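Examining the three-dimensional arrangement
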Amino acid sequence: MALIYPILLRRMLLGALTLLGVSALIFAAVQLLPGDMAQKLLGQSATPEALHALRHELGLDQPALTRYLNWLLGSLQGDFGTSLSNGRAVSELIGQRLLNTLFLAGYTALIAVPLALLLGLFAALYKDSIYDRVVNIVSLAAVSLPEFFIGYILILWLAVKHPLFPSIADVPASASLLDHLQAAFLPALTLTLVITAHMMRMTRIAVLDLLQLPYIEMARLKGLSRLKIVLRHALPNAWAPIVNVIAVNLAYLITGVVVVEVVFVYPGLGQLMVDSVIKRDVMVVQACCCIFAVVYIGINLLADVLSIVTNPRLLHRQ
């Protein structure tokens, strides 16, 4: 057990260093956006004196390293600065949007994770059957198609031809939970089709790999049914790779919702980031990218920790 702590410490340190490097890349990439924010705010008729004064007020005339350090220290304290387009605090702008994105991700995860595990488990249980072949073909098609294409197909069938759900997922914050669930169903279904396919295929592969091991063959020789072998012997030892796959896809749910939110006009963090890029509001763009990076790295770090903690070789090594 003592062997685990140095490994966990190294993983956490590596995660912190990765996040620091990503923050520098985010800041540098945002600074490379074309156009001048001061010029955009004041218009083409602005005088050079007015542009200079506004750049000084916004801190745009400071060296890039100084601006990066100020932004990094403020972000660590929860202060992402002030929006350049409307003067509101960035944390105020992203607060409700982040909750909406987390709601959509949680909604999708509640549908996708159990569905993917069941489909993958039965695909491994009935390998090379008609069910296995059909599920693999459908999952391969779902993985191959981009999210926006799947979203538009769902809008066509479930919102236009058969108006069961709204095509625009924009509901007020005061709406009931049922209204939120109905409005977010199509974007959640789009994300579900994408991540379920990947999780299902990886679950199937993980279980099939374990079914080839000698102790599984011994269980077969004892006369145990295939279902008992999978549930009692194979699945518990397959949790480590399955947890990693689930964690990666959950991270994608937070960071990969940008396209889906734009397609369905969902008021989430991804939609806010796209709008801010159009307005060249660099403070909001940096904050959104930083939050996405923290969530993605954090979930992957959690997956690493869980895979280490559940590894019998490390738990029982003397």
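Quick caveat, the model's predicted, so the values are computed rather than measured. (Residues numbered from 1 in each chain as written. Predicted model: local features only at pLDDT ≥ 70, side-chain atom pairs only at ≥ 80, totals over all residues. Heavy atoms only, no water.)

Comments concerning the nonpolar core
Residues Ile94, Met199 and Leu211 are the most contacted members of the largest nonpolar core, which totals 72 residues. A per-element tally of this core places helix α5 (residues 90-125) first, with 14 residues. With near-sequence residues (within four places) excluded, Leu211 lies in contact with Ala124, Ile216, Arg220, Arg226, Ile229, Val230 and Ala234. (Core = buried A, V, L, I, M, F, W, Y, C linked by side-chain atoms within 4.5 Å. Buried < 20%, exposed > 50% of the residue type's maximum accessible area, 1.4 Å probe, protein only. Helix = DSSP H or I, 4+ residues; strand = E, 2+ residues; numbered from the N terminus. Contact = heavy atoms within 4.5 Å.)

With respect to a nonpolar patch on the surface
Judged by side-chain polarity, Leu145, Phe148, Phe149, Tyr152, Ile153, Leu156, Trp157, Val160 and Val259 come together as a nonpolar surface patch covering roughly 800 Å² of accessible area. The biggest single contributor to the nonpolar patch is helix α7 (residues 147-161), with seven residues. What makes Val259 partly exposed here is its relative accessible area of 36%. (Patch = residues over 30% accessible without salt bridge, like charges linked within 9 Å, V, L, I, M, F, W, Y side chains within 5 Å. Areas by Shrake-Rupley, 256 points an atom, 1.4 Å probe, with all protein chains shown as cover. Salt bridge = Lys/Arg side-chain N within 4 Å of Asp/Glu carboxyl O.)

Side note on the packing of helix α6 (residues 130-144) against helix α9 (residues 185-211)
α9 packs onto α6 with a crossing angle of 135 degrees between their chain directions and a minimal axis gap of 8 Å. Overall, the two elements α6 and α9 adopt an arrangement that is oblique. Crossing hand, α6 versus α9: left-handed. Listed contacts from α9 to Asp132, Val135, Asn136, Ser139, Leu140, Ala142 and Val143 of α6 are Leu193, Ala197, His198, Met200, Arg201 and Arg204. Across the contact of α6 with α9, the residue classes tally to seven nonpolar, three polar and three charged. (Axes fitted to C-alpha atoms, helices over the stretch in contact; angles between N-to-C directions. Parallel < 35°, antiparallel > 145°, perpendicular 65-115°, else oblique. Left-handed = near helix turned anticlockwise from the far one by under 90°. Nonpolar A, V, L, I, M, F, W, Y, C, P; charged D, E, K, R; others polar.)

Some thoughts on the layout of surface pockets
Estimates place the volume of the largest pocket at around 400 Å³. If you trace the largest pocket, you find 22 residues lining it, with Leu58, Arg67, Asn70, Trp71 and Met283 closest to the centre. For the lining of the largest pocket, the secondary structure elements donating two or more residues are α1 (4-31), α3 (48-58), α4 (64-76) and α15 (282-309). Here the element with the most residues in the lining of the largest pocket is α4; it accounts for five residues. The residue inventory of the lining of the largest pocket, partitioned by class, reads eight nonpolar, eleven polar and three charged. (1 Å grid on protein atoms, 1.4 Å probe; cavity = no way out; pocket = protein on both sides within 12 Å on 5 of 7 lines; lining within 4 Å. Points joined across faces, edges and corners; volume = space filled by probe spheres on them.)

Structural measurements only, silent on function.
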